[in-house]
Amino acid sequence: MRLVLSISLLALLVAPSASFLLGIDFGSQFFKAAVVAPGKPFEIVHNQHSKRKTPTAVSFNEQVRTFGDDAIVSATRGIPKSPMLFPLQLGRNFTGVSTEDLSFVPKMFYPYALGVNESGSLRFDMGEESYTVEEITGHILNFAKALAQLAAESSSVTETVLTVNSEATFVQRRALLAAAKIAGLPRTHLVHETSAAALQRALDLDLSGANGTKNESTVLFYNMGARHSEACVMHFRGATHMSKPTVSMNVLGCGTSEEVGGHLVDMKIAQTMLKAFQDKKPKLAEGVVKNIKALKKLEKEAMGLKHVLSANKEGLFRVESLFEDTDFSQPVKREDLEGWCSSVFDAVSTPITKALEAANITVADLDEVEMIGGGWRIPKIQALISEHLQANRPADLPALNLSQHINGDEAMATGAAFYGANSSVSFRTKRIFFTDASPHAYTLQLSVLNASQPHEEGWGKNVELFPAGSKLGSKKTVKLHVAFDVRASLFENGNPIIHWELSGLHEAASGKYVNLSTPLLSLKLELDSSGVVQVSSATAVFDEPVVVEEAAPKVDTNTTENDTKGSEEAGSENSTADSNAEKDAAEKEAESAESGEGGEAAEVSDAGEALADAAANTTDGKRTKTKIMKRKVSMEVAETFEGVMPRPLTVDELQQAIERLKVFDAADKEMQKNWRCKE
């Protein structure tokens, strides 16, 4: 009971102090968290069992929620109410998928009652209640926040960085950000998980070129997790910041595969041992597959055997009282495991091939290989990677050794925290120059929003925004001369993912500025640091001619003919210079107006008007001049998802999830209070 209740309100037991930054490596099977506060070192968060990694699991079986290891224990009493291993399902489209095909893990071991939400995302059904995968994720992130608050001895998280796999789509990234919002995590950013680990590695690199050392390096990072594996090619180069040596890191390309993972190996072992038990005890064969407690015992022992056979050539698979008070044991050799998992191991090189293709390099260009993640320690995995690299590397080059210079289990979490600190003015860290890229191609399709507004028949435009490989943080401005409202549809790799309805332009063009020429629509978009395309501004700019008076230049009539002639020549030169200066100023101000900078009306001179023309309009020492006022109208931008599945949670759905989490928190608080009174 102590473990069930003591975690519920970790944050409430902490006295408020300085704020901190939180980095979370949100893995499929485990999550790790790291905190950093001004003046304090990076610290890995320990959970309620003093462990540095926590199962990504939550259980609703008890009166209060249980998390992590406690949720794993609770799952034996009711797996349908204990979601786990689901993070990769965030943002995936399950529309039209039959109930039988919704399972993302072996249904025998994980008999979840799954459904599809109206948004098209996965839903966990638990009797009268049901939860979207975003909401479940929000509960676990909220728990991670509570653990971090206890570790940092602070109740204030100022910024959060979550890891995500490099091939996560626009919808998947937004789903994770929505879960962070449900959890109450502030200022959430995403960073690619392998990139985060590479950042951690960059801190220890010396690429200054001093004493004959090299000043650049190309490294392949191989990251094998529980449910997927990822390989990324990183290029490190020596740099300086404030006259001190540092490192510049550029992500060249990544590749992933969901056919390779440590938990997939566990499942192969557990399924094989289940069959062996059924063969030995045929009378118990039918009953054991229906007993979730027995199946979870098999899975737990499978994980242990995997670790044993990673260090030894032989091991013993043994479970006491597996089912009906019957013990089960069987000796297993390493080659047996390799045979059972051949289909998993066959895909080991897939992420490497994809990463090299994305980076447009070959194995010959690699200087090092860095192994990270929790699954790479399997000897067969290491052997297959080494064989693949050597087979594709010229014989005259030295062999690539598989290295581990960083903590492969924790580098993603500490790297995520460092990523946040590296770009924050609140922390003084070694500056690492870092650029990452998106593997997806984004295009924009422009069409008429309201067909009743005057427009050219069949009007439409396609714009290439960010091709695959574009750097995160890239920006693009789309400019159009239109007087009607516009619908901008964003496509990712040819698939529609979001629509932006830009309204207010037609109203301004047909109303307040009806007498002006067709306005310029300036639409600014950004591929932000989280890999999400955003509309940063949408502005219509109208050119309004305005006649103004100004002092006319004085003319000296007492000069000689030669002086007059000289003055005319000089005046002509000066007029040309003044005209050019005015033209340059006009162009700059026009550009400022189009970009949405400055005030509501930007003043631009008519650079085509010569001083001689102005003199003709001179009266009483003054002259009239036409200037162009840039009248800017901010467009209303509304997100819609017509024909897009899965769509993000609506505002109401998101708010409902937030309120429901608060209800759970309140119930946990009450139970915590009762428990403390009994103590």
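A brief report on the enclosed structure follows. Please read all numbers here as calculations on a predicted model, not as lab measurements. (Residues numbered from 1 in each chain as written. Predicted model: local features only at pLDDT ≥ 70, side-chain atom pairs only at ≥ 80, totals over all residues. Heavy atoms only, no water.)

## Side note on the packing of helix H3 (residues 133-152) against helix H4 (residues 170-183)
Line of reasoning, step 1. Running from amino to carboxyl end, H3 crosses H4 at an angle of 55 degrees, the nearest separation of the two axes being 7 Å. Comparing their axes, H4 and H3 come out oblique. The element H3 and its partner H4 pack so that their crossing is right-handed. Here Glu134, Glu135, Thr137, Gly138, Leu141, Asn142 and Lys145 of H3 lie close against H4, whose contacting residues are Ala175, Leu176, Ala179, Ala180, Ile182 and Ala183.
Line of reasoning, step 2. Looking at the contact of H3 with H4 residue by residue, the class counts come to seven nonpolar, three polar and three charged. (Axes fitted to C-alpha atoms, helices over the stretch in contact; angles between N-to-C directions. Helix = DSSP H or I, 4+ residues; strand = E, 2+ residues; numbered from the N terminus. Parallel < 35°, antiparallel > 145°, perpendicular 65-115°, else oblique. Left-handed = near helix turned anticlockwise from the far one by under 90°. Contact = heavy atoms within 4.5 Å. Nonpolar A, V, L, I, M, F, W, Y, C, P; charged D, E, K, R; others polar.)

## Observations concerning the state of the cysteines
Line of reasoning, step 1. For the structure shown, the criterion picks out one disulfide.
Line of reasoning, step 2. With its sulfur 2.1 Å from that of its partner, Cys232 forms a disulfide with Cys254. When the S-S torsion is 115 degrees, as for the bridge of Cys232 with Cys254, the disulfide is right-handed. Within this pair, whereas Cys232 is found in strand E13 (residues 229-241), its partner Cys254 is found in strand E14 (residues 244-257), the two being separated by 22 residues in sequence. Each member of the pair, Cys232 together with Cys254, is buried. (Disulfide = S-S within 2.5 Å. Buried < 20%, exposed > 50% of the residue type's maximum accessible area, 1.4 Å probe, protein only.)

## Remarks on the sheet that holds strand E24 (residues 495-503)
Line of reasoning, step 1. Pairing within the open sheet is antiparallel, and its five strands lie in the order E21-E20-E23-E24-E29. Each of the sheet's edge strands pairs with one partner strand only, and the pair in question is strand E21 (460-466) and strand E29 (636-640). The sheet shows a mean angle of 25 degrees between the axes of neighbouring strands, direction not considered.
Line of reasoning, step 2. Contacts from H4 reach strand E20 (442-448), strand E23 (486-492), E24 and E29, with the element oriented near 70 degrees to E24. (Pairing = 2+ DSSP bridges.)

## Notes on the pairing of E14
When a strand is regular, its side chains alternate between the sheet's two faces.
Line of reasoning, step 1. Pairing analysis gives 13 bridges linking E13 to E14, with the strands arranged antiparallel. Its bridge partner lying in E14, Thr240 is registered against Pro245.
Line of reasoning, step 2. Remark: two residues form the turn of the hairpin made by E13 and E14, two consecutive strands paired antiparallel; Met242 in that turn has positive phi of roughly 55 degrees.
Line of reasoning, step 3. Taken together, the four bridges between E14 and strand E19 (residues 432-435) define a ladder with parallel strand orientation. Across the sheet, Asn250 pairs through a bridge with Thr435, a residue of E19.

## Looking at the environment of Leu203
Line of reasoning, step 1. Among the secondary structure elements, Leu203 is positioned in the loop between helix H5 (193-202) and strand E12 (216-224).
Line of reasoning, step 2. On the accessibility criterion, Leu203 (23% relative accessible area) is partly exposed.
Line of reasoning, step 3. Between the C-alpha atom of Leu203 and that of Gly415, which follows or precedes it by 212 residues, the distance is 9.7 Å.
Line of reasoning, step 4. With near-sequence residues (within four places) excluded, Leu203 lies in contact with Phe418, Lys430 and Ile432.

## Some remarks on the sheet that holds strand E17 (residues 368-373)
Line of reasoning, step 1. In space, the six strands of this open sheet follow the order E18-E17-E12-E13-E14-E19, with mixed pairing throughout. In this open sheet, the two strands that pair with only one neighbour each are strand E18 (402-403) and E19.
Line of reasoning, step 2. Here E17 runs beside E18; their pairing, made up of two bridges, is parallel. In the strand pairing of E18, Val369 is matched with Leu402.
Line of reasoning, step 3. Contacting E12, E13, E14, E17 and E19, H5 crosses the sheet at an angle of about 35 degrees to E13.
Line of reasoning, step 4. Together, E12, E13 and E14 form the strand contacts of helix H11 (residues 350-359), whose direction differs from that of E14 by roughly 120 degrees.

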